[in-house]
Amino acid sequence: MVKNILVFVPNSLHLNKTGYLEGVRNESDECAAYYITNDAPLKEKSNNVVGYLSNDVTRVKRDSRTLHIDNATSKITLINYSNPNVVRIVYDFKAFRDCDELNPEVQYGVHFKFLSCNVRKRRRVSDENGRKSLAFRLLLFFNVLLEGLVTVFNKTKPLWGYSATVTHFRDNLESYKWFIEQLLKEKRLTPKSGNLLFSKIFDLVLGVLLLRFFLEHEDFIVRFIENVRENIIHNFRDLLIYLMGSPIGLKLNYAFNKSLGTFFFYHISLWRVFLITMQPFLKEYFRFLVLPAVFGFSYQIAMLSDLISIATFHVYCIYVYAARLIYFQLKGLLSLWRLFIGRKYNPLRTRVDSYQYSQHQLFIGTLGFTVLLFLLPTTAMYYAVFVTFRLVILIVEEILTKIRYVLQCLPIYVFILFLASSSHMAGPICLKSKKSKDGIPTFEAHLQMLPLLKSIKTFAPEVANPAPSLSLGKIFTGVLL
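Conventions used here
Residues numbered from 1 in each chain as written. Predicted model: local features only at pLDDT ≥ 70, side-chain atom pairs only at ≥ 80, totals over all residues. Heavy atoms only, no water. Helix = DSSP H or I, 4+ residues; strand = E, 2+ residues; numbered from the N terminus. Buried < 20%, exposed > 50% of the residue type's maximum accessible area, 1.4 Å probe, protein only. Contact = heavy atoms within 4.5 Å. Areas by Shrake-Rupley, 256 points an atom, 1.4 Å probe, with all protein chains shown as cover. Phe/Tyr/Trp six-rings, centres within 6.5 Å; stacked < 30°, edge-to-face > 60°. Axes fitted to C-alpha atoms, helices over the stretch in contact; angles between N-to-C directions. Parallel < 35°, antiparallel > 145°, perpendicular 65-115°, else oblique. Left-handed = near helix turned anticlockwise from the far one by under 90°. Pairing = 2+ DSSP bridges. Patch = residues over 30% accessible without salt bridge, like charges linked within 9 Å, V, L, I, M, F, W, Y side chains within 5 Å. Salt bridge = Lys/Arg side-chain N within 4 Å of Asp/Glu carboxyl O. Expected span 1.5 Å × (residues − 1).

In terms of regular secondary structure, the protein is built from 14 helices and 11 strands. Out of the 481 residues belonging to the protein, those deemed buried represent 41%. Restricting the contact set of the protein to residue pairs at least 6 apart, pairs at least 24 apart contribute 72%. In the form shown here, the protein has an accessible surface area of approximately 27,400 Å², with 63% of it arising from carbon and sulfur atoms.

Moving on, we come to the packing of aromatic side chains. How two aromatic rings sit relative to each other is given by the distance of their centres and the angle of their planes. Applying the stated criterion across every chain yields a total of 26 aromatic pairs. Between the aromatic rings of Phe-8 and Tyr-35, the centroid separation amounts to 5.0 Å while the plane-to-plane angle is 15 degrees, which identifies the pairing as stacked. Placement of Phe-8 in strand β1 (residues 4-10) and of Tyr-35 in strand β3 (residues 31-36) is noted, with a sequence separation of 27 residues between them. Each member of the pair Phe-8 and Tyr-35 is classed as buried. Measuring from centroid to centroid gives 5.3 Å for Phe-263 and Tyr-321, while their planes differ by 55 degrees, and the two rings are tilted. Linking Phe-263 in helix α8 (residues 254-284) with Tyr-321 in helix α11 (residues 313-340), this pair joins segments that are 58 residues apart in sequence. Accessibility expressed as a relative area gives 41% for Phe-263, which makes it partly exposed. Taken together, the aromatic side chains of Phe-8, Tyr-35, Tyr-91, Phe-93, Phe-96, Phe-112 and Phe-114 make up a single cluster linked through ring pairs.

Here helix α3 (residues 134-155) crosses helix α5 (residues 164-186) at 150 degrees, and the two axes come no closer than 9 Å. As far as their axial angle goes, α5 and α3 are roughly antiparallel. With respect to the hand of their crossing, α3 and α5 are arranged in left-handed fashion. In this structure, α3 uses Phe-136, Leu-139, Leu-140, Phe-142, Asn-143, Leu-146, Glu-147, Leu-149, Val-150, Phe-153 and Asn-154 to contact α5, whose residues at the interface are Val-166, Phe-169, Arg-170, Leu-173, Glu-174, Tyr-176, Lys-177, Ile-180, Glu-181, Leu-183 and Leu-184.

Our next topic: the pairing of strand β9 (residues 351-354). The pairing of strand β8 (residues 343-346) with β9 spans four bridges and is antiparallel. Looking at the pairing, Tyr-345 lines up with Val-352 of β9. Where β8 folds back onto β9 in an antiparallel hairpin, the turn is made up of four residues, including Thr-350, whose phi is positive at roughly 50 degrees.

Let us now look at a nonpolar patch on the surface. A grouping of Leu-134, Leu-138, Phe-141, Phe-142, Leu-145 and Leu-149 is seen on the molecular surface, where their side chains present a nonpolar patch of about 580 Å² in accessible area. Topologically, Phe-141 is positioned in helix α3.

Strand order across the open sheet formed by nine strands is β6-β5-β4-β2-β3-β1-β7-β11-β10, with mixed pairing between neighbours. Edge positions in the sheet fall to β6 (76-78) and β10 (426-434), since each of these pairs with one other strand and no more. Averaged over neighbouring strand pairs, the angle between their axes works out to 25 degrees when direction is ignored.

Inspection of the secondary structure assignment puts Val-9 in strand β1. If we skip the residues at most four places from it in the chain, Val-9 touches Ile-36, Ile-69, Arg-88, Ile-89, Val-90 and Tyr-91.

All right, on to the pattern of salt bridges then. For the coordinates displayed, the defined rule picks out six salt bridges. Between Glu-174 and Arg-170 there is a salt bridge, with the nearest N and O atoms lying 4.0 Å from each other. One end of the pair, Glu-174, and the other, Arg-170, are both in helix α5, four residues apart, so they sit about a helical turn from each other. The residue Glu-444 makes a salt bridge to Lys-434 at a minimum N-O spacing of 3.5 Å. Here Glu-444 is found in strand β11 (residues 442-449), whereas its partner Lys-434 is found in strand β10, with 10 residues between them in sequence. With a relative accessible area of 24%, Glu-444 lands in the partly exposed category.

This part covers unusual backbone geometry. Positive phi, normally seen in glycine, also occurs at Ser-74, with a value near 65 degrees. Checked against the element boundaries, Ser-74 lands in the loop between β5 (67-70) and β6. Under the relative-accessibility criterion, Ser-74 is labelled partly exposed at 25%.

Our next topic: helix α10 (residues 297-311). Helix length check: α10 (15 residues) gives 21 Å between terminal C-alpha atoms against 21 Å at 1.5 Å per residue, within 8%. If you check which residues of α10 are buried, you get Ser-298, Tyr-299, Gln-300, Ile-301, Ala-302, Met-303, Ser-305 and Asp-306.

Relative orientation of the contacting elements α8 and α11 amounts to 150 degrees, with a least axis distance of 9 Å. As summarised for this structure, α8 and α11 are arranged roughly antiparallel, according to the angle between their axes. In the crossing of α8 with α11, the sense of the turn from one axis to the other is right-handed. In contact with Phe-256, Leu-260, Phe-263, Phe-264, His-267, Ile-268 and Trp-271 of α8, α11 contributes Phe-313, His-314, Cys-317, Ile-318, Tyr-321, Leu-325 and Gln-329.

Quick look at the structure:
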């Protein structure tokens, strides 16, 4: 039976030398494949030898199926194969060695995937070269330290989960941990890890420049924060006074409207007293408050998000009060509506059953339904106004979160590699037929570069995950955090 043989030869194979060919052999019933994973012949035989490079085929032992390449004519000879059909694939060794990973969306076939995996694996082993250097031990130590810190932060999340600054700090620890793991695994800077590194450097430089601006204009920034605080509080006071009247001509329940307005008014006054009390501390410790900004512009954005949350905490409280109140009113109206149609909710079987009500129960239920129905417009007005404000605040905070995400995966390194036409940017494989002197069918395999937008998507850091979208289903019950 005629055997089909595929031989993958590096295009940079040192034909002027003599030695053993390092690689992998993969053999099946119908086909055998020889993958030469090193372009430099070895002087001594090892376990990963698939053939020999020389000008004398007789030097190769004939007790195994071994590959021989003539270093003068590049002729391929298969030992102990009878009449094989040989196909030679000359592949771009540097591109397959340096590529981060083949694009998973492109179908390469099992042979090229196997070749790429073994060439990159051989490169990592060669880079390590059996040595545990001081840098390697330091990276390993920092990786263990970061893993412990991330575990502590994950277990204490209920204590700091609402702080954007602490959350961002935890996310950065995970990013650094992932970066060190990539260095330990690949022994070099890959496009993904390079993207993260250059993004952090850019973030740090931008943050230091803005921190210098903050320190030079400290008094102006403190006054600006104070003015913004007073404007927000005064505007909400004016809004509550307007709502306590007859907004847009609505006929609301006067007593209930005045009670709600007074309660919310008192809540805003308490929050204003708290902010005024904290104002001297802001002036005195301003430098310490902005000190985390030295770690990068993304920390400044996280601090701004926390500042917005603190300054608008009264809006959140009023929204929760109104949302809970309208939720209980609607739930009561739904329960009383079942009274008119002779139905009742059965909590034991979690279903609605038929029920015969008495005249007294119908009378009291009708009064309760009427009261809740006529109070509903007043509650709905406060709920509609403050849920709108809450949504606006959440949209602003989510925009700030997206900016932090973009700063973590800026494609600076990928853009540099793209401009330099680097072989790290692995794309589709291009096969071209090539004439050979020895009559063996020969093909050249090259990796084309990915388009820029595809490269940005493919080599985005894996840890830079965007924040989840707004949970609009929780608005009604007042748990929109």
